[in-house]
Amino acid sequence: MVEARTQAARLWNLQRQGQVGTLAPIDGHEAVVAATAHALDPTHDWILPQYREPLALQRFGPEVLEQYMLYNIGHPDGSRFPPSVRVAPLQISLATQIPHAVGLAWGMTLQDEPGVTTVFFGDGSSSEGDFHEAANLAGVLKAPVILLCANNQWAISTPLHQQTAAETLADRAVGYGMPGVRIDGNDAAAVFDAVDEARQRALDGGGPTLIEAVVYRLGAHTTADDPTRYVPAEDLEAARRDDPIERLADHLVGLGLWDDETRSAVEAEAMTRVDEAFERAIAQPLATDAIFDHCFATDTPRMARQRAALLDGAP
Amino acid sequence: MAHVFRLPDIGEGLDEAEIVEWFVAIGDVVVRDQALVEVLTDKASSELPSPVAGTVLSLGAAEGAHLRVGEVLIEIDDGSETANAGVRRPPPAAGSVGDPVSGSTPRPSGTQRSATTARPKAAPATRRLALQSGIDLNTVTGTGPAGRITADDVRNAETPVPASGPKPSTRLASRPVDAGSQPLSSTLGQMPSGRHPLRGLRGVVARNMVQAWTEIPHIHTMDELDASLLVDFRIRVRSMDRPGAAQVTPLAIAAVAAARALRRFPVVNGHVEGHPGDAIVIPEEINLGIAAATGRGLVVPVVHNAGTLDLFTMAERIASLVAAARAGDLTTADLAGATFTITNYGSLGGRFATPIIPPGQGAILGLGAIAERPVAVEGEVLARPTLPVVLGADHRLIDGDLAETFRRAVVDDLIEPLHLLIEA
């Protein structure tokens, strides 16, 4: 969690220096993502992220950071994970990863593969048709999937009360015939327990679970967003007092498992790793026309013209 | 060699940005990720951090100027032997299509640069403290475990400035201050001869003032109260051992008194909408604007939901907002939503003034300087500390009787501030 936040801060600076593209900081989601990853089995289970999670998914392999860096510098290979890494590419289109996750989970049962899929999305995505269709199908098929909604109170600048009239997002599970669980997403232990239980149920043939992890987005939606225009300062201040990292740190300090020195060491190590990943990413060859490479097996006539024009340096 | 840092597209599809403020000057030594400049785009104001450590060679534009994306923002000598870096791989969003250099000179991996070797050991909070205090961590000897620099090491460190060589540059520290009691910067009233476009904060102030002056028919009512009990009250409260006590000022006391009076007279917390006027709007909340002079001009941070704050909380909130205003750290939210403003013009010594009501509000309270003046007490003239107060009101909304009654309510609480503790 500390590693993720440290690296997110460095990535923010890299974006402000024009060295990486638009990205979504993880601040406030660290416990939800890291504890989920720790409750899953990287050799059998799948994770389908949205776009805020990669820095806390290192349990699924060091390749995740490498891929994320490639993605952030605009390299198409950033979306091509090695087969051993059970993490899907980032998904920018809202909620489209949810039907993918249900299909993947269903496919695993058809192929008798032991494992579950976990899909991350947010409060905004829970209003999308894709969520409702996928949740319905998952319930009918009893697909081994965990629908993990990190409710961070903001869909860019839309507050939760304008997003839904429902009391909780977890309530939506009833309509799809699956358990709905609402947890404190700033409590890493609560996240771990909820995901662990949902995973066991899925493996035992009990089907999907909707988990609503309640958090607060502590940073901007993305590097292109200015939250000071709409997030009430006092709300943010209150949320900071509930920072998932500080809560876990307090607990671990009490157990004698964590101190400032350890934290400094973790931060320094995280900074080194993110710097090295960035250096490796920018050292990867990137053809000027790589943007066309993964759309069709053969360029359409219009794309072929565009590719040629780009290589000619024409506008 | 010079590392050329070009203005990046930090939003999505931006064309240009305005240089609001440079935090560094030519010759300054900067560290990687140190804030260099604040820029304003049509989306937001952002700080741009340095991509490299080194010495500033040149600045691409003056404050107030506009730069297009891709133009040179700053050149920094990063001590490297090979020419530049400035154009590594193009950032995806910048889209340097057709640029023959881009993409062809990636930096080799495995270079020595790493966070652990390049930077002295210190926790992030300590780094922040050092930055705010103008202390270069490279000049501090760490007394923590494994030579780590602690916050105390930073506090004990002398202000830097090596005997020779360039001066390390950092942002100004924010200092807790009484609103208005800080001496203003020596740039007050200074401007070279010539024609200067009205922009930035000055431009915003100009537009607001014209709107206020032309649209709001002002009336002002003035009074001068015996501040003996107020002065005594403040001294005794400040000696209390509790959070916020040290921040209690006449301004904070007046803010609580004003909030109390606004609860009793919600119309004074309201305003007239439209020009010349379509509706009277009475807000649910009381949000107090606190006018503060800063080196960059007048800003009015807002204490939100001030209606029921106790004196100590009010004092803390005002102190932190004013400190943030002086440091230039206010957010947009800090500046939005005022329903009533208090201006402490007396911090500069004035007795009476006729403050202008900000657009979107119905009244403003002004405080003059507390000073010993002749007061008539039971037929005798005595020297007593007095506090001049002024209420400015929008006559479309507030008639003389309400203005006088409201002012009287505030004045009564300032004459006997114990009211504010008994019934917040």
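Residues numbered from 1 in each chain as written. Chains lettered and ligands numbered in written order. Predicted model: local features only at pLDDT ≥ 70, side-chain atom pairs only at ≥ 80, totals over all residues. Heavy atoms only, no water.

Moving on, we get to the overall build of chain B. For chain B, the count of helices and strands is 10 helices and 18 strands. Looking at chain B as a whole, 42% of its 424 residues are labelled buried. When contacts within chain B are restricted to residue pairs at least 6 apart in sequence, long-range pairs at least 24 apart make up 64% of them. Accessible area for chain B stands at about 20,900 Å²; split by element, carbon and sulfur atoms hold 54% of it. (Helix = DSSP H or I, 4+ residues; strand = E, 2+ residues; numbered from the N terminus. Buried < 20%, exposed > 50% of the residue type's maximum accessible area, 1.4 Å probe, protein only. Contact = heavy atoms within 4.5 Å. Areas by Shrake-Rupley, 256 points an atom, 1.4 Å probe, with all protein chains shown as cover.)

Let us look at the environment of Ser79 of chain A. Residues and elements named next belong to chain A. In this structure, Ser79 sits in the loop between α3 (63-72) and α4 (97-110). Sequence spacing of Ser79 and Gln67 is 12 residues, and the spatial spacing of their C-alpha atoms is 6.8 Å. With residues near it in sequence (within four places) discarded, Ser79 still touches Gln67, Tyr71 and Pro89.

Residue and element names in this part refer to chain B. The strand order across the open sheet built from 4 strands is β1-β8-β6-β3, with neighbouring strands paired in antiparallel fashion. Looking at the sheet topology across the chains shown, the edges are occupied by β1 (2-6) and β3 (29-30). The sheet contact formed by strand β6 (residues 54-59) and strand β8 (residues 72-77) spans 4 bridges and is antiparallel. Note on β8: the bridge partner recorded for Val56 is Ile76. (Pairing = 2+ DSSP bridges.)

The next thing to look at is the nonpolar core. For soluble globular proteins, the rule of thumb is that nonpolar side chains tend to be buried together. Counting residues in each nonpolar core, the largest one holds 58 residues, and the members touching the most others are Leu288, Met314, Phe340, Ile342 and Leu414 of chain B. Listing elements by their share of this core, those giving two or more residues are α5 (228-238), α6 (250-264), β12 (288-294), α7 (311-327), β15 (340-343), β16 (363-367), β18 (380-394) and α9 (400-415) of chain B. Residue contributions to this core peak at 11 residues, all from α6 of chain B. Listed in part, the 53 residues of the second largest apolar core include Val85, Val87, Ala150 and Ala213 of chain A. (Core = buried A, V, L, I, M, F, W, Y, C linked by side-chain atoms within 4.5 Å.)

In this structure the tally under the stated criterion is 34 salt bridges over all chains. Arg80 of chain A is paired through a salt bridge with Asp77 of chain A; the nearest N and O atoms lie 2.9 Å apart. When its relative accessible area of 22% is taken as the criterion, Asp77 of chain A is described as partly exposed. A salt bridge links Asp412 of chain B to Arg408 of chain B; its shortest N-O distance comes to 3.1 Å. Here Asp412 of chain B and its partner Arg408 of chain B are both found in helix α9, 4 residues apart, which amounts to about one turn of the helix. You can call Asp412 of chain B partly exposed: its relative accessible area is 33%. A relative accessible area of 38% means that Arg408 of chain B is categorised as partly exposed. (Salt bridge = Lys/Arg side-chain N within 4 Å of Asp/Glu carboxyl O.)

Another point: the packing of helix α2 (residues 30-39) of chain A against helix α7 (residues 188-203) of chain A. Residue and element names in this part refer to chain A. Between α2 and α7, whose axes approach to 8 Å, the crossing angle comes to 40 degrees. Of the possible angle classes, the one that applies to α2 and α7 is oblique. Between α2 and α7 lies a crossing whose hand is right-handed. Note on element contacts: α7 touches α2 through Ala188, Val191, Phe192, Val195, Asp196 and Arg199, opposite Ala31, Val32, Ala35, Thr36, His38 and Ala39. Residues that form the contact of α2 with α7 fall into these classes: 8 nonpolar, 2 polar and 2 charged. (Axes fitted to C-alpha atoms, helices over the stretch in contact; angles between N-to-C directions. Parallel < 35°, antiparallel > 145°, perpendicular 65-115°, else oblique. Left-handed = near helix turned anticlockwise from the far one by under 90°. Nonpolar A, V, L, I, M, F, W, Y, C, P; charged D, E, K, R; others polar.)

All names here are of chain B. Together, Val267, Ile280 and Ile282 make up a nonpolar patch on the protein surface, roughly 240 Å² of accessible area in all. Along the chain, the position of Ile280 falls in strand β11 (residues 279-281). On the basis of relative accessibility, which here comes to 54%, the residue Ile280 falls in the exposed class. (Patch = residues over 30% accessible without salt bridge, like charges linked within 9 Å, V, L, I, M, F, W, Y side chains within 5 Å.)

Moving on: empty space enclosed by the protein. Residues and elements named next belong to chain A. Taken as a whole and assessed by the stated rule, the structure comprises 6 cavities of 30 Å³ or more. Here the largest cavity defines a volume of roughly 60 Å³. Along the walls of the largest cavity sit Glu3, Gln7, Pro54, Leu55, Gln58, Gly61, Pro62, Val64, Leu65 and Arg273, which together make up its complete lining. Split by residue class, the lining of the largest cavity holds 5 nonpolar, 3 polar and 2 charged. (1 Å grid on protein atoms, 1.4 Å probe; cavity = no way out; pocket = protein on both sides within 12 Å on 5 of 7 lines; lining within 4 Å. Points joined across faces, edges and corners; volume = space filled by probe spheres on them.)

Residues and elements named next belong to chain B. One pass over the structure, following the stated rule, counts 5 aromatic pairs over all chains. Both rings, one in Phe265 and one in Phe406, keep their centres 6.4 Å apart while their planes meet at 70 degrees; by these two values the pair is edge-to-face. Remark: Phe406 occurs in helix α9 and Phe265 occurs in the loop between α6 and β10 (271-273); sequence separation between them is 141 residues. Across this residue pair, the class does not change: Phe265 and Phe406 are buried. Between the aromatic rings of Phe340 and Phe406, the centroid separation amounts to 5.8 Å while the plane-to-plane angle is 55 degrees, which identifies the pairing as tilted. You can see Phe340 sitting in strand β15 and its partner Phe406 sitting in helix α9, a full 66 residues away along the chain. For the pair Phe340 and Phe406, a shared accessibility class is recorded, and that class is buried. Over the ring of Phe312 we find Arg242, and its NZ or CZ is 3.8 Å from the ring centre. (Phe/Tyr/Trp six-rings, centres within 6.5 Å; stacked < 30°, edge-to-face > 60°. Lys NZ or Arg CZ within 6 Å of the ring centre and 35° of its normal.)

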